[in-house]
Amino acid sequence: MGDGTGTTWTCYDAATMTAREIYGHVLAELSDADPRIVGLTADLAKSTAIAIYERRHPDRFFNMGIAEQNLMGVAAGMAKTGLIPFASTFAAFASMRAAEQVRTDIAYQNLPVKIIATHAGVSFGSAGTTHHCTEDLAIMRSFANMTVIVPADGTETANAVRAAVDIPGPVYIRIGRGFEPPFYDSEDYGFEVGRSHTVRDGSDVTIIACGIAVLQSAEAARLLQEHDGLSVRVLNMHTIKPIDREAVLNAVSDTRRILTVEEHNVLGGLGSAVSEVIVESGKGCAFQKLGIPDEYSPVGYPEDLYAHFHLEANGIADHVRSMLDLEFEEDEDWEDEV
Amino acid sequence: MGLDDEQRRRLQDQALDIRRDIVEITHRSGGAHIGGGLSVVDILVLLYFKHLNIDPQRPDWEDRDRFVLSKGHAAVAFVAVLARRGFFPFEELDTFNTFGSAFGMHPDSLRITGCDASTGSLGHGLPMAVGMALAARRLGKTFRTFCVLGDGECNEGVVWEALMSAAHYSLTNLITIVDRNRLMIDGPTEEIMSLEPLEEKLSAFGHEVLSVNGHDLDELSEAFDRAERVAQAAEGKPVCIVAHTVKGKGVDFMEGQVAWHYGSIDDELRRKARASLDRSSGDERSSEEVLHG
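## Some remarks on the overall build of chain A
Okay, so step 1: Looking only at helices and strands, chain A has 13 helices and twelve strands in total.
Okay, so step 2: Each principal axis of the C-alpha distribution contributes one length, and for chain A these read about 65 × 40 × 40 Å.
Okay, so step 3: When the 338 residues of chain A are sorted by exposure, 59% land in the buried category.
Okay, so step 4: Across chain A, every contact between residues at least 6 apart in sequence was considered, and the portion connecting residues at least 24 apart equals 78%.

## Considering the overall build of chain B
Okay, so step 1: Of regular secondary structure, chain B possesses eleven helices and seven strands.
Okay, so step 2: Relative to its length of 293 residues, chain B is compact, with a C-alpha radius of gyration of 18 Å against a globular reference of 19 Å.
Okay, so step 3: In terms of its C-alpha atoms, chain B occupies a principal-axis envelope of roughly 55 × 45 × 40 Å.
Okay, so step 4: Per-residue burial over chain B gives 52% buried out of 293 residues.

## Looking at helix 13 (residues 313–322) of chain A
Okay, so step 1: Restricting attention to buried positions, one finds in helix 13 of chain A the residues Ala313, Ile316, Ala317 and Val320 of chain A. Buried residues along helix 13 of chain A cover an arc of 100° about the axis, so they all sit on one side.

## Quick look at the domain arrangement of chain A
Residues and elements named next belong to chain A.
Okay, so step 1: Split by domain assignment, chain A resolves into domain 1 (11–174) and domain 2 (197–322).
Okay, so step 2: Contact residues are listed per partner, giving 22 residues for domain 1 and 25 residues for domain 2.
Okay, so step 3: Split into classes, the residues belonging to the side of domain 1 that touches domain 2 amount to nine nonpolar, nine polar and four charged.

## What to know about the packing of helix 5 (residues 125–138) of chain B against helix 6 (residues 157–168) of chain B
Residue and element names in this part refer to chain B.
Okay, so step 1: Put simply, helix 5 and helix 6 touch, their axes get as near as 8 Å, and they point 20° apart. One finds that helix 5 runs roughly parallel with respect to helix 6. Note that helix 5 runs across helix 6; the crossing there is left-handed. Taking contact as the criterion, the partners of Leu126, Pro127 and Val130 in helix 5 are, on helix 6, Val158, Val159, Ala162, Ser165 and Ala166.
Okay, so step 2: Along the lines of polarity and charge, the residues of the contact of helix 5 with helix 6 split into seven nonpolar, one polar and no charged.

## Digging into the nonpolar core
Okay, so step 1: Counting residues in each nonpolar core, the largest one holds 200 residues, and the members touching the most others are Ala75, Ile173 and Ile207 of chain A together with Ala77 and Ile241 of chain B.
Okay, so step 2: Among the domains, domain 1 (11–174) and domain 2 (197–322) of chain A are the pair contributing at least three residues each to this core.
Okay, so step 3: Here Ala75 of chain A is in contact with Leu40, Pro85, Ala87, Ile106 and Val113 of chain A together with Gly131 of chain B, once residues within four sequence places are set aside.

## Examining the sheet that holds strand 8 (residues 205–209) of chain A
All names here are of chain A.
Okay, so step 1: Strand order in this open sheet of five strands is 7-9-8-11-12, and the pairing throughout is mixed. At either end of the open sheet lies a strand with only one pairing partner, and these are strand 7 (197–200) and strand 12 (286–292). Going from strand to strand, the sheet's axes swing by 25° on average, the running direction of each strand aside.
Okay, so step 2: As paired strands, strand 8 and strand 11 (residues 257–265) are joined by four bridges and run parallel to one another. What sits directly across from Ile207, in strand 11, is Leu259.

## Examining the interface of chain B and chain A
Okay, so step 1: Residue-level contacts link 22 residues of chain B with 23 residues of chain A.
Okay, so step 2: When residues of the side of chain B that touches chain A are traced back to their parent elements, those giving at least two are helix 5 and helix 6 of chain B.
Okay, so step 3: Sorting elements by how many residues they give to the side of chain B that touches chain A places helix 5 of chain B first, with ten residues.
Okay, so step 4: Class assignment of the residues belonging to the side of chain B that touches chain A gives a composition of 13 nonpolar, six polar and three charged.

## Concerning the sheet that holds strand 1 (residues 66–69) of chain B
All names here are of chain B.
Okay, so step 1: Overall, parallel pairing links the five strands, which are arranged 1-2-3-7-6 in an open sheet. Looking at which strands have only one partner, the edges of the open sheet turn out to be strand 1 and strand 6 (208–213). Adjacent strand axes in the sheet meet at a mean angle of 20° when their direction is disregarded.
Okay, so step 2: Relative to strand 2 (residues 145–150), strand 1 is paired through four bridges, and the arrangement is parallel. By the bridge assignment for strand 2, Leu69 is matched with Val148.
Okay, so step 3: Sitting on the sheet, helix 5 is in contact with strand 1, strand 2 and strand 3 (174–180), with an inclination near 170° to strand 2.

## What to know about the pairing of strand 9 (residues 232–236) of chain A
Residue and element names in this part refer to chain A.
Okay, so step 1: For strand 9, the tally of buried residues reaches five of five residues, placing the bulk of the element in the interior.
Okay, so step 2: In strand 9, alternate side chains face the same way, and those of Val232, Val234 and Asn236 on one face and Arg233 and Leu235 on the other are all buried.
Okay, so step 3: Taken together, the three bridges between strand 7 and strand 9 define a ladder with antiparallel strand orientation. Among the inter-strand pairings, Thr198 is bridged to a residue of strand 9, identified as Leu235.
Okay, so step 4: Strand direction decides the pairing type here: strand 8 and strand 9, joined by five bridges, are parallel. Opposite Val205, over in strand 9, you have Val232 as the bridge partner.
Okay, so step 5: Once the chain exits strand 8 it traverses helix 9 (residues 213–228) before rejoining the sheet at strand 9, and the crossover so formed is right-handed.

Rules used in this analysis
Residues numbered from 1 in each chain as written. Chains lettered and ligands numbered in written order. Predicted model: local features only at pLDDT ≥ 70, side-chain atom pairs only at ≥ 80, totals over all residues. Helix = DSSP H or I, 4+ residues; strand = E, 2+ residues; numbered from the N terminus. Buried ≥ 20, exposed ≤ 12 C-beta atoms within 10 Å, placed from the backbone. Contact = placed C-beta atoms within 7 Å. Rg over C-alpha atoms; globule rule 2.2 N^0.38 Å. Arc of directions from axis to C-beta. Domains from an automatic or database assignment. Nonpolar A, V, L, I, M, F, W, Y, C, P; charged D, E, K, R; others polar. Axes fitted to C-alpha atoms, helices over the stretch in contact; angles between N-to-C directions. Parallel < 35°, antiparallel > 145°, perpendicular 65-115°, else oblique. Left-handed = near helix turned anticlockwise from the far one by under 90°. Core = buried A, V, L, I, M, F, W, Y, C linked by C-beta atoms within 7 Å. Pairing = 2+ DSSP bridges. Right-handed = clockwise from strand over helix to strand, strands pointing away.

Pasting the structure below:
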C-alpha cells in the first residue's frame, strides 16, 4: 500500500528534479498501488507540480479553482468517504486562507487529508510577503491531530509523502519552491516520522534544523570544524510535530548548547517546539533561535533572502560562535549563569 | 410518487414529535438554537423518514446516502431526528449541553452515531458534501449526498465556492437544500445582508433550483422526488431546493421572531410552547403522550 514497495523512483532522478516534481511523481506511483489516493489543487497544478499526477491519473485529480477554503472542505468530505486526498497549494493559502477548514473540517475530524504546502518560508523570493509563509508551522502545530513535516530536500519529500499515506490522520508537509539543492543522495538514511536524523555527530554544540536549513547547517558545522576546531552535532528535525524529544534532551546533556535554524518566524515554529522540550525538562542549556526575526520579509531572490536572514552556512556559523561564551555549570550557583 | 394520506399523516406526526422534542431539550438543557431548529424540522423528517437510503442498524454502511447539516446550529433538531430514527436511544439526549456529552450546540461526527460530518462553523458543510459527492463518483457508488444550508449561512463566500464546484463537476448526486427562514442573529436577512434574488443567484451558479414551501410535506417530497430523477440522469445540474420556512415554526410566540434564534425556556414558556404545538397540529394526542414516545 503506502510503504513505497514497487516504486520505480530512484535518487538518480532526484539530482535533476525539484521537490515539487518529485512529489508529483511519488504520488503518482503511490496511487498506482493504492486506489484510495486522489489529488487536489486550487489552480496551482503546474506551480505545485501535481500536474505530473494529473497526467498519470486524470480521473483522480480534482482542480477546485482559486478557492482554497473549498479545496480543504472538499478534501475533508472525500476523506470522510474513504479516500486519501493529497491537497496541494501554496503554504500561505493552505495554512492561512484555509486555516479554519484545515482545523475544523480536517484536524478536528481527524481525517487522512495530506496537505502539500509548497513555496513555504521565503522561497517565493520576489513574490514578496503576500506569497511568503513564515507562520505555517506555528499555526499547524497548534492543531490537535496534525502531523507536521518539513523535508530537507526532494529526497526527503519522497520519504515524507510515502510515510504520510500510512499515517491515519492529517499531515502537513511543507516544501519550498523547488529550486533548493538536494541534501540527501539516497533515500535509505532511515527516515522515520517523529525521529530526527543525525546528519553529523558532535559534542560542543547542536544545531537543530529543518527544511533548507539542514544543508546550510551541515555546511556550517563543517566550517566550524575546519576553522574553529568545533565539534558540532547537526540534527535534521524534519518532523516538527510530534517533536523528537529524546534527541533534543540528548543534545541538552551532550552539548549544553543548542541553536535552532528554520525558514520561519522564530515565534512558534521549530525553535519554539524545541525550547518547549528543553524548558519542560528542567535542564539548563544555552539556547538560541535563528529564523525570521518576527518581521515581514522583503522582496528578493531566495538566496539573497536567506543571506539576509543568516539562513546560510556563514550566518549560521557566526551564530554558533556567538554562543560559545554562553557557559553552563554543574554547580548550584545561579549568579554566574547566563 | 407523491405522499398518500397515511404517509402524510405519519410524517406530520413525526414532525410534531420532533418539535415537541426540541422544546423539551431546550427546556431541559438550558438553551438551544430553537428558532432555526424548528424551521428545518419538516425537511429533516422528510429526509430521514422517507427519502434517505439509510439503515440505523448500520450507521457506517458504505452505500448509505450521506447527510450534512451545514447549518450545524440546528443540531437540536438533527439529533432528535437521529434518535427517533433509531440511531441511538432517545434517553442519550438527556445529556444535551452537559459536560462530556456527545450532544452540544453543534453536531460532532466522531461522537454522534449517524452524523456524517462535524459542522457548526458556517460555510463548512457544503464543501464537505461536495467532497462526498465527488468521492461517490470516484468510488463508483450510487449514494447521494444531501446538504442543508441556512440562508444566513449563504453570506459566507465559501458557500459560493462550493456551489460553483458542484456545478462544475455536474454533481447530480448532490442535493442542496436552503432553509430559507429569512432571519439571522442580528435581524432579517434582507436587512443584514441581502440574499435576494436568491433563486436567480443559485440558478446562475449552475444549479437546477426548485422553490418550495419548506413546511408543506407534499411540496418537499415532490422536490426530493425530482432531485432523485435528476440524480439518475447521467449528466445534468445539481439540484438546489430553496425551502421557504418560518423560523420558530410551530410555536406561535417564536414564529418569525429574531429573538428566538437561540433561547432558553422556563417552565411557563415550555407549557405555552407545548400548548401552541398541540393547537397547531390538530393532533389528538397530547404532548405528554408523545414525549419519549
